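Take a look at the letters that make up each chain.
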Amino acid sequence: MESPAWYTPYTPYQPEIAQGRLESLVNYQTMIMSMTAMDIANASLLDEATAAAEGMVLSYVSSNQKKRSFFVDRGVLPQTLDVLKTRAKGFGIRLVVGDVFADLKDESLRADLCGVLVQYPNVDGSVADFSSVAEYAHSNGALVVAATDLLALTMLKPPGEWGADVVVGNSARFGVPAGYGGPHGAFFACTEKLKRKMPGRLIGRSRDVEGKPAYRLALQTREQHIRREKATSNICTAQALLANMAAMYAVYHGPTGLKRIATKVHLLTNTLKTSVEQLGFKITNPEFFDTLTIDVTGAVANAGVLHKAAAAVSVNLRQIDDKHVGVTLDESVGPVDLLRLINIFRAATSTSPLQSISAVSVSSTSSAIPATLQRTSEFLPHPVFNSHHSETEMMRYIYHLQSKDLGLVHSMIPLGSCTMKLNSTSSMVPLTWPEFGAVHPFVPKDQELEDDLCKITGFHACSLQPNSGAAGEYAGLSVIRAYHESQGESHRDICLIPVSAHGTNPASAVMAGLKVVPVKTLADGSLDLVDLKAKAEKHKDNLAAFMITYPSTFGVFEDGVQDACQIIHDNGGQVYLDGANLNAQIGLTNPATCGGDVCHMNLHKTFAIPHGGGGPGVGPICVAEHLTPFLPTHSIVPVGGDKSISAVSAAQYGSASILLISWAYIKMLGGDGLADSSKTALLNANYMAHRLKDHYNLRYKNANGRVAHELLIDLAEFDKAAGLKVTDFAKRLQDFGFHPPTCSWPISTCMLIEPTESETLEEIDRFCDAMIQIRKEAEEVIQGKQPKENNILKNAPHPISVLTQSDAEWNRPYSRQQAAYPMPWLLEKKFWPTVSRIDDAYGDLNLICDCPSVEELASH
Ligand SMILES: *Cc1c(COP(=O)(O)O)cnc(C)c1O
C-alpha cells in the first residue's frame, strides 16, 4: 500500500509490462474461487453492497429480463439493502424483503422470482443452512446470491457446496485497513455457466507468441467499452490495489495461517459468549462464527449506555436498538480487548455492578458452528499459497512481481482521458496512520472536501459516495431521474449520448433506467449541434438527459458546449457532464459555466489519487441547487432528506480514506496552484502536439490550432501503407521503456496522448523522441526495407528471452541492438518487458482464471 511500484501503475491493459500484478490478481481470483468453492471469480468489484446489486442484476438478466422479483432475506446488511433499492429502481426490479425461511415460498412470488439474496453469516451473526433455499430457488428457475465473509469460510461450508450461484463479499478483512468505510476490494464469484455475464474485470491465462505462459485481461468483449448500452455492467475502475493486498495476505498466511487466525477469533468469541451468559445476558444467535447479538434487557444500563462505555475504552460495540447490542471480533482483538468487553458487561449487570476482572479462562474449543455447516473441504492448496511464509520469502515474492511491472516509478504513462499525474507522498502518507486508517465507517465527518469540490465545479452540493467515475455517472443520472419524478415527469427516459462518449456513459444510462439515443459528431471532432437539436426536439416529451464530456474525448475545447446545454434545457432535459477531463478546466472554467446540471469527478484522475493498477477510485458528483435534495442518502448515517435517492455505495462516504489525498492535493496547491496545473497541462499537451505534428497525423485541433490537455494522433495511414496497426506502435513503445498511451479509443485507429502537468520537459522530450524514432522504423517497413510481417514493430516487445536466442533462431531483419536499444539513453535506463506479445484470442478460447495447481507446476 505504501509502495509506488504497486500504487502508481495503470489498469493492466498492456499485459507484457504488467505480469506482476496480473499474477497477483490471479492469486486473488484463485483465493476467492477456492474459499467460496465457486467456478470463477473476477479481479474485484467496488464494495460488497454494489457487488450484491450486480448479483441481483445478473439474476434478472439470467431470467431474460422476464422475472422481476428479487427476494432479500432480512438478515442482509442494511447498507446492502440500501444500494439494492437504488439499483432495483433503474431496472424495474421488485424487491421483496422478508424471512427467507418463512416468506420465500409465497405462491404469489413463485412465477416471477429471478433471485434470492442471503447473508452468510447474517447481520446478527447467525449461521443458517440455506441449502433448502437454493433447492427451492433452482426448482423455480431463480438464482441464489450469497453475501459472505472470507475468514468465516475457513470454518464454514462454502456457498458453492450448498448451491449458491453467485457469491459476493468484502475482502477487507484480509489485511486492508477499515479506512472509514473504504476503499476495499469486493469480490464476485459465480458458476461456470454465468461467466460470460459476470461484471467487472477478469484476468485469465494465455500465452505469448513464443508459447510462454502469460496473463492478461480476459473476455474484454463483455465490457462496456465494446458493448456500450448492451454491456452487462458499467464497472471500469474497480479495486485492484486492495485485491492485491488481500491476495498477498493469503499468500503470506496460507491455509494453515488463515485457519489459525479464524480459530483464535472463534475461540475468543466463544469465550465472550460464555462470560456474558454467566452474567445473565442472553445471546440471541447460538450459532455463530465471530459475531454475537446480545439481549441486554434487565441490565442496569441500556444498549446506548453500553455502546458509549465500549467506545470510551476503544472497543466496538454496535447498538442495534434499546435492548440489543452486537459485537464482532476480528484478528486484532487480543486478551486485553476481550477483558475490556467482559468488564463492560460486568459493570452493567442488573443486580449490582461486578468488579472488573483481569483474567478469564478461554472457553472449551467446541465449535458454535453446527456440524452440518462445518467446512470439510480443503482450500488454497496451490503452491503460491504454501510457499512464501517467512517475511524474507514474502518480501522477495512481492519484489519479484513488482519488478515485472512498469509504473510511474519508471517513466511517464501518457494515458489520454485517464490522467496519470503525480501521486505525492506528502498527500498519501496519512492513509496508513491509525488516526485515519483504523476509523470505522459509520462515524460523522467534516465537510471541507465537499465544499472545495463545489467551488471547483461551480455547483451547489456534493456526494462523495460513488466509488468510481462510472458509479458517479450512475448516481448522477439517478438523481436526474428522481428530479424529473418530483416534477411529475417520471416518463422522461431518453438519454442523448455522443458516439464519441466513453463506454461507461451508455452502460450507466441503462442502469439508471434510461434509453440511449446516440448523437453524431462532425468530421472535425466536434459535437453535431444540428443532429443534437433534431434529436432533442424529436424526443422533447421524453428527454431526460444529455451526457457530454468537456473538453471532448477528442481532446479539444469545443465552442458549442453552452449552445448544446441550452438545446437540452429548452427541451426539458438535464445535462450530465462527464468530468474525466476536469483537469483541463480547473481554475479556467467549470461545469456550471459550461451549462451542466450535474458532473462527476474522477478523483483518481484529476485529483491525484493513484490508479493502483486499476483502482481504488472515487467518483463524487456535484449538482446544481435544484438537484441537491435528490443526492443519495445512507440509512445508517442519514444525510439529505425525504427526496434523496437511496445509497449508491456501502459506506456513507464511499472510499473515505483516500479522500485525504485529494483534500491534501487541493489544500497544498490552493486555488492559484490548481489553475497553474491546468495551464501547465494544456501547455504540455500543446508542446507535444507541436513536436509530433510533422511526424504523425494530429487528428483534431480547434479553430486556433490548439488542442486541450490531450491530443489524438491517427495511425490509419500506416495500416494502409504497410499493415501496421495502433497495437504495433504501442508494443514498440514498451521497448523504449514507456507505457503506451490510450489506444484505439475514442477512434479505433488513434492514440490519445496526455502528458499532464506533472511531467518535466526532459521526460516529454524523451517520449516525443521515442515516438519520432518509431515513426522512422515504420518508414522502413513502408519503404520495404523490412517485411510487412516480420519487422521491428510487429515483433515488439522484445523480452530478454527473445534477444538471447541463438543466431540460428534470430531470423529477423534487424539487429538485437536495434530491438533493445533504439535510443542511447536506453543503455543506461532500460525497462524489460518480461514476455513477448500476448495472444488474446488463445486465452479467451481456453479460459482459465486461476493460478497453476501443484500438478500443473510439476508437469512443466
Ligand atoms: C475513466 C473515465 C470514465 C470512467 O471512470 P471510472 O472511474 O474508471 O469508472 C468515464 N468517462 C471518461 C471520459 C473516462 O475517462
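Rules and cut-offs
- Residues numbered from 1 in each chain as written.
- Predicted model: local features only at pLDDT ≥ 70, side-chain atom pairs only at ≥ 80, totals over all residues.
- Heavy atoms only, no water.
- UniProt positions renumbered as here; feature names shortened; annotations may be inferred.
- Axes fitted to C-alpha atoms, helices over the stretch in contact; angles between N-to-C directions.
- Helix = DSSP H or I, 4+ residues; strand = E, 2+ residues; numbered from the N terminus.
- Parallel < 35°, antiparallel > 145°, perpendicular 65-115°, else oblique.
- Left-handed = near helix turned anticlockwise from the far one by under 90°.
- Contact = heavy atoms within 4.5 Å.
- Nonpolar A, V, L, I, M, F, W, Y, C, P; charged D, E, K, R; others polar.
- Buried < 20%, exposed > 50% of the residue type's maximum accessible area, 1.4 Å probe, protein only.
- Pairing = 2+ DSSP bridges.
- Near = heavy atom within 4 Å.
- Polar contact = N/O pair within 3.5 Å; in protein donor to acceptor, adjacent residues only side chain to side chain.
- Expected span 1.5 Å × (residues − 1).
- Right-handed = clockwise from strand over helix to strand, strands pointing away.
- Core = buried A, V, L, I, M, F, W, Y, C linked by side-chain atoms within 4.5 Å.
- Patch = residues over 30% accessible without salt bridge, like charges linked within 9 Å, V, L, I, M, F, W, Y side chains within 5 Å.
- Areas by Shrake-Rupley, 256 points an atom, 1.4 Å probe, with all protein chains shown as cover.
- Salt bridge = Lys/Arg side-chain N within 4 Å of Asp/Glu carboxyl O.

Looking up the protein chain in an unreviewed UniProt entry gives the name Glycine cleavage system P protein, with the organism given as Steccherinum ochraceum. If you open the UniProt record of the protein chain and go to Function (unreviewed entry), you find "The glycine cleavage system catalyzes the degradation of glycine." Database annotation for the protein chain, UniProt heading Catalytic activity (unreviewed entry): "N(6)-[(R)-lipoyl]-L-lysyl-[glycine-cleavage complex H protein] + glycine + H(+) = N(6)-[(R)-S(8)-aminomethyldihydrolipoyl]-L-lysyl-[glycine-cleavage complex H protein] + CO2".

Draft legend 1. Representation of the packing of helix α16 (residues 469–486) against helix α17 (residues 504–511) within the structure. Running from N to C, α16 and α17 cross one another at 45°; their axes reach a closest spacing of 9 Å. The pairing of α16 with α17 is recorded here as oblique in orientation. When you trace α16 past α17, the crossing you get is right-handed. The residues of α17 that touch α16, namely those facing A470, E473, Y474 and L477, are T504, N505, S508, A509 and M511. Looking at side-chain class alone, the contact of α16 with α17 contains 5 nonpolar, 3 polar and 1 charged residues.

Draft legend 2. Highlighting the side chain of R21. For R21, the location among the structural elements is in helix α2 (residues 19–36). Look at R21 and you get buried, because its relative accessible area is 3%. Residues contacting R21, with those up to four places away along its chain left out, are W6, P9, Y10, T11, P12, N244, D405, L406 and G613.

Draft legend 3. Examining the sheet that holds strand β22 (residues 711–714) more closely. A sheet is described by the order of its strands in space; here 4 strands give the open sequence β21-β22-β24-β23, paired in antiparallel fashion. The open sheet terminates on both sides in strands that have one partner only, identified here as β21 (697–698) and β23 (742–743). Strand contacts of helix α21 (residues 659–692): β21, β22 and β24 (750–753), with the helix running at about 20° to β22, the strand carrying the most contacts.

Draft legend 4. Spotlight on the site of the ligand. As a matter of local geometry, the ligand sits amid 14 residues, with T237, S417, G469, D578 and K605 nearest to it. Between G469 and the ligand, the recorded distance is 2.7 Å, taken from a backbone N or O atom to an oxygen atom. Ranked by residues supplied to the shell around the ligand, first place goes to α16 with 3 residues. For the shell around the ligand, the residue count by class is 3 nonpolar, 8 polar and 3 charged.

Draft legend 5. Up close: the sheet that holds strand β14 (residues 461–463). Strand order in the open sheet formed by 7 strands is β14-β20-β19-β18-β17-β15-β16, with mixed pairing between adjacent strands. Of all strands in the sheet, those bounded by a partner on one side alone are β14 and β16 (515–519). The sheet shows a mean angle of 25° between the axes of neighbouring strands, taken without regard to direction. Of the strand pairs in this sheet, strand β17 (residues 543–549) and strand β18 (residues 574–578) are connected by 5 bridges, and their pairing is parallel. In the strand pairing of β18, F546 is matched with V575. The sheet strands contacting helix α15 (residues 448–457) are β14, β19 (598–600) and β20 (621–623), and the helix crosses β14 at an angle near 120°.

Draft legend 6. Main features of the side chain of D149. Mapped onto the elements of the fold, D149 is located in the loop between β5 (143–148) and α7 (159–162). Taking relative accessible area as the criterion, D149 reaches 16% and is therefore assigned buried. The contact partners of D149, leaving out residues within four places of it in the chain, are Y120, P121, R173 and F289.

Draft legend 7. Here's a closer look at helix α24 (residues 761–782). Helix length check: α24, at 22 residues, gives a terminal C-alpha distance of 31 Å against a target of 32 Å (1.5 Å per residue), a fit within 8%. One or two positions beyond α24, positive phi appears at G784, with a value near 85°.

Draft legend 8. Up close: the pairing of strand β15 (residues 494–498). Here β15 lies mainly inside the structure; 5 of its 5 residues are buried. Of the two faces of β15, both are covered, the one formed by I494, L496 and P498 as well as the one formed by C495 and I497. Viewed along the sheet, the connection from β15 through α17 into β16 turns out right-handed. As defined by bridge partners, β15 adjoins β17 across 3 bridges and the pair is classed as parallel. Across the sheet, residue C495 finds its bridge partner in β17, namely A545.

Draft legend 9. Main features of the nonpolar core. Ranked by internal contacts, the top residues of the largest apolar core, which has 152 residues, are M31, I294, F345, L453, L496 and F607. In terms of residues, this core owes the most to one element, helix α9 (residues 240–278), which gives 18 residues. Residue contacts for F607: discarding those within four places in its chain leaves L453, I456, L582, I586, M601, N602, I661, S662, Y665 and I666. Core analysis: the second largest hydrophobic core is formed by 70 residues, V57, L194, M198 and I621 among them.

Draft legend 10. The UniProt feature "modified residue: N6-(pyridoxal phosphate)lysine" (unreviewed entry) in the protein chain, seen in detail. Under the local residue numbering, the UniProt record ascribes the feature "modified residue: N6-(pyridoxal phosphate)lysine" (unreviewed entry) to K605. Of note, K605 is situated in the loop between β19 and β20. Take K605: its relative accessible area is 8%, and that puts it in the buried class. The residues touching K605, leaving out its near neighbours within four places in the chain, are S417, C418, T419, K421, A580 and H611.

Draft legend 11. A nonpolar patch on the surface, seen in detail. Taken together, the side chains of V429, W433 and F436 present a nonpolar region at the surface, about 260 Å² in accessible area. Relative to the helices and strands, W433 resides in the loop between α13 (425–428) and α14 (434–437). Among the residues examined, W433 registers a relative accessible area of 42% and is labelled partly exposed.

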